[in-house]
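So the chains spell out like this:
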Amino acid sequence: MTTTSEPASPPRPTEPAGQHRTRFFDHRIPSLYAGRYRIDNRQVLKDVDGTDRTVDATPQPFDVVQPRFSFDPTGINAQFPVPDAVGTYSQTLAHINLDAPGLPWARLLAEDQPGAVPWMALLLFREDELPEDPDAVGLVKTGTVRELLEGAHGLGAVPVIAPGSMRPDEYDEQCASVLVPAALFDAVKPLPVEMGYLAHLREGGRPDADHTRAGADPEPDEGELNAVLVANRFPAAIGGRHVVHLVSLEGHERHLTGPAPTDGVRLVSLASWSFTTEPDSGVGFGDLAQHLAATDDGTGDEPLPRPADELRLRVPTTAPANPAGAQKEAVDRMASGAVALPQRLETGERTLAFYRGPLTAQPAQTPPPAAATRLDSPGEALIYLQRYGVFDTAYAAAFTTGRTLALADAEFRNALLEFRSAARSAVRRLASHPQLAHAAAGTLSCRHLTAPLAFEAFDRLLTDGDARSGVARLNQALDQAGPQLRAGRRRTGVRTRRGPGDARAVLAQPDLAGLLTQAAPDDFKKVTDWLDALRRLELLSLSHLVPDPRALPAESIRFAYLDPAWVRAAVDGAVSVGVGHALDADLNALATGGGPVPKCAVLVNSSLVENWPKAIVTAYKGTEVVGPVREAVFGTQIRLALFPEVIDRFELAEPPRGLCFGIGDLGTIELREITGDRIGHPMGEFPPPPPADDSRFRRFLRPGGKDVLNVDGTGDALVPALSSAHGLTGGQRISSAQFALQMINAPQAQTFSRP
C-alpha cells in the first residue's frame, strides 16, 4: 500500500473529529450579587383635606448568600490534572470545573469592576515557591475568618473587606489561606481584564447534530452547565510537584493593578490539589506522529511530507539509474518487499535466494500455477529464475512455516488427525453403501455417518415407505428370520469392493462434503479456528512479517499489502501434517476454506506505542470506517494493525483525555471557527510558522521565566493576536467563550492517505 501525507502542505498533527456536543458561554451575571441588602418601603396616603401623608414602613434587611471564604468540596465537578496525577503536563493549563455555574460571578470583585470579572481565580505554584508549602503538597493555614482578617493566620496582606458587607456568622466560619511572596504574586497574578478570559461556562450535552446548525441555538441546559476557571501558568518543563489553589481575590483588587506589599499577600484558598509533572523531553505525541509522516531537511523550515515510496514496507535500496537484466530483476523484487539471503543448494553450492513474508510493498502478482493450486510439499512452491540461476523461496518458506507451526502445536496436530480419521471413516462408509450417499437431500445427517450400520439398517427398515408398510416389513422380517436360520440360508448376492477412487468421488459431492465436517465437530472447529488465526498472522513472529529490520526502522510507519497466496501456502503446509495418501489431502480441503485473508497492514515502530499504549488508530475506505481484523504489539515499540480491505486513509490519534486547555507539542494551538454553522471546526495552526529565531508560542508568555501566559497585558498578548487572526478589527475582541474554544488542547492526530 502506498501512502502520502495529507494535505499537500507540510504535514502536522490534526485533531480527531469530536464525538459529542459542547458549548461555551462567556459568563453568568446574577440579577442580584451576593451581599447584604435592605428593602425600604414608603407609602404616600391622601388625607381628607387633600394633603399627602407619608408612612415609612419598617426596613426589611435580607442577605443574598453565596460561598465567600469556603465552599463545599462536593461542588467540584472535575479537576485537571486530576489530584495526585503523574504525567507530562508542561503544555497544559490546569483548570477546575464547578457544579454551580454562576459562582465565579456571584459577587463583584470590586465596585469599580464590571460584573464579567470573576472574584476568584486559579493559581498554580511550583516547589519551593510558597514559604508555608515548599513541597507543593497543598499545605494551608486554617482558622476562623475573624482570625484571617485580624492577621492571625501569619504574614501577608489580608483582604480588605468592608465590615458592613460581613454577616455576623461569617466571622466564625473556618477558612484556609496561603501566603504568596510579593515578587511571586506580581509575576503570576492575573490582571482583572484577564480574569474574565480565564473563566467561562461550559455546557456538555448529548450528541445532537441539530444544535450545531445555523439558527439552531437552544437555551442552555441548566443540568449540564458548569463554571470553569483556567490557570494562567504552565507547569515547569523540568518537571516536579505543583499545587493549584482556587483563591478569592476579593479585597485584593488594589494588589492586582499595583505592586504587592513587601511581606506578600495572604489569599483565601477555597480549594487546592497537587500533581506531579514529569520532565518534558521536548518530544511529545505530536512531534513523534509528525516525524512518522514528515522529514526535516535540517534547514529549520517546515518539515516536508515523506515520499510515498518511503512509507512502504521494504528495505531501502539505491538502484542504478537504468537497471537492466539481473539488476532490474533484483531491484523489482526488492521493491516489492523481498530481501536477498544466502542459500545453500542440495548439491552444496552457495548462491542467493529471494525471500519475503506475507506482507508486500506492492500488490502481489498473480501466483504461478504451482502456488495457485494445493501444495503438497515446499518443493512445489519454489520459483526458479532459470535465467539468473536463483530461487524465489517466498511460497516454499510459507509452506514450511505453516508445517513447522502445526508440528509445534500438539493440540492442533491431534485435532487435525482426529478430524481426518473420523471424516475418512465416514467417506469410506458412504463409498461402501451407495444407498447412504444417494439419500435424498436433507435426510442424511452426521448420525448416519457414525452410528453402527446395524442400527442404520433397522432404521431404514422402519422408515422405508409409510408407517404401515414399515411395520409390515418388520413383522415379515421377524416371521421369516427363524425358519431361514434353521434352514441354513445365507445372504445371496456379491458385495462390490470399493477402491480409493470411489471414496474421492463421494468427497466431490458438495452436499456430502459439508456433512463430513460434522463427523468430528469439536476437532473440526479446533482446526478451523487455528487456521483462521494463521490467516490473521497471529501465529507468526515479527521476523516472519519483517524479515529485515531495515524495512521497519525505529520511529517509522510502514504500509503493506497481504499476499493471499503466501497465506494459502502456509495453510497448506499446516494441514500437510500426517497426510498419508490422496484422500487425506482431499479431506484437508474441508478445513482450508475458512475466513478471508486480511488485505492490508500498517506497522508502527515508535516510542508512541510504549508511551501512548491507548493511542487510537482509525482506518477509512472512502468515508466509511474500516475496523481492524487484528491489532497486536510486538515487544514494546512495534504495533501491527490488519484490515479486511485496502484502506484509503489511516489516522493515528492521541488517546482521549477529556477537555483540557493548553498548547500542542509543536508549540501551537488550533484556531477554531467562532461564527457561522461550523463553530469549533479547526481553521489551522496558530501562530503561523515563525522566523528561525522565534519560538512560536513562547512569545505570548510574560517575561520573567515563570511560564505565565500573557492573556491580555502589555506587550505581545494572546487575546489581541487571536482577535486579529479571526479578522476582528477596530478594537473588537474575542469573548471569553471564544478564547476558551481556541485554547482547547484536543488530542492530536496524524493522517496518512493513499495518493
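Since the model is a prediction, treat every value here as computed from it, not as a measurement.

Draft legend 1. Focus on the overall build of the chain. For the chain, the count of helices and strands is 22 helices and 35 strands. Counting across all 755 residues of the chain, residues that qualify as buried make up 47%. Within the chain, residue pairs in contact and separated by at least 24 positions form 76% of the contacts whose partners lie at least 6 positions apart. As displayed, the chain offers around 36900 Å² of accessible surface, 53% of which is attributable to carbon and sulfur atoms.

Draft legend 2. Up close: the packing of aromatic side chains. Scanning all chains against the criterion turns up 14 aromatic pairs. With centroids separated by 6.5 Å and ring planes inclined at 90°, the aromatic side chains of Phe234 and Phe697 adopt a geometry described as edge-to-face. Of this pair, Phe234 sits in the loop between β15 (225-230) and β16 (240-248) while Phe697 sits in the loop between β34 (682-686) and α21 (718-725), and the two are 463 residues apart along the sequence. Given a relative accessible area of 3%, Phe697 falls into the buried group.

Draft legend 3. How the structure looks around the sheet that holds strand β25 (residues 556-562). The strand order across the open sheet built from five strands is β22-β25-β26-β30-β29, with neighbouring strands paired in antiparallel fashion. Taken across any chain shown, the strands that pair with only one partner, and hence form the sheet edges, are β22 (359-360) and β29 (630-634). Examined bridge by bridge, β25 and strand β26 (residues 600-605) share six bridges and lie antiparallel to one another. For Phe559, the partnering residue across the bridge sits in β26 and is Val602.

Draft legend 4. Structural detail: the pattern of salt bridges. Tallied over the full model, the rule gives 37 salt bridges. The salt bridge partner of Arg36 is Asp63, with a shortest N-O separation of 3.0 Å. Here the residue Arg36 occupies a position in strand β3 (residues 35-39), and Asp63 occupies one in strand β6 (residues 60-64), the gap between them amounting to 27 residues. On the basis of relative accessibility, which here comes to 33%, the residue Asp63 falls in the partly exposed class. Residues Arg374 and Asp376 are paired through a salt bridge, measuring 3.5 Å at the closest nitrogen-oxygen approach. Taken together, the shared-partner salt bridges connect Arg68, Arg167, Asp169, Glu170, Glu173 and Glu250 into one network.

How each quantity is defined
- Residues numbered from 1 in each chain as written.
- Predicted model: local features only at pLDDT ≥ 70, side-chain atom pairs only at ≥ 80, totals over all residues.
- Heavy atoms only, no water.
- Helix = DSSP H or I, 4+ residues; strand = E, 2+ residues; numbered from the N terminus.
- Buried < 20%, exposed > 50% of the residue type's maximum accessible area, 1.4 Å probe, protein only.
- Contact = heavy atoms within 4.5 Å.
- Areas by Shrake-Rupley, 256 points an atom, 1.4 Å probe, with all protein chains shown as cover.
- Phe/Tyr/Trp six-rings, centres within 6.5 Å; stacked < 30°, edge-to-face > 60°.
- Pairing = 2+ DSSP bridges.
- Salt bridge = Lys/Arg side-chain N within 4 Å of Asp/Glu carboxyl O.

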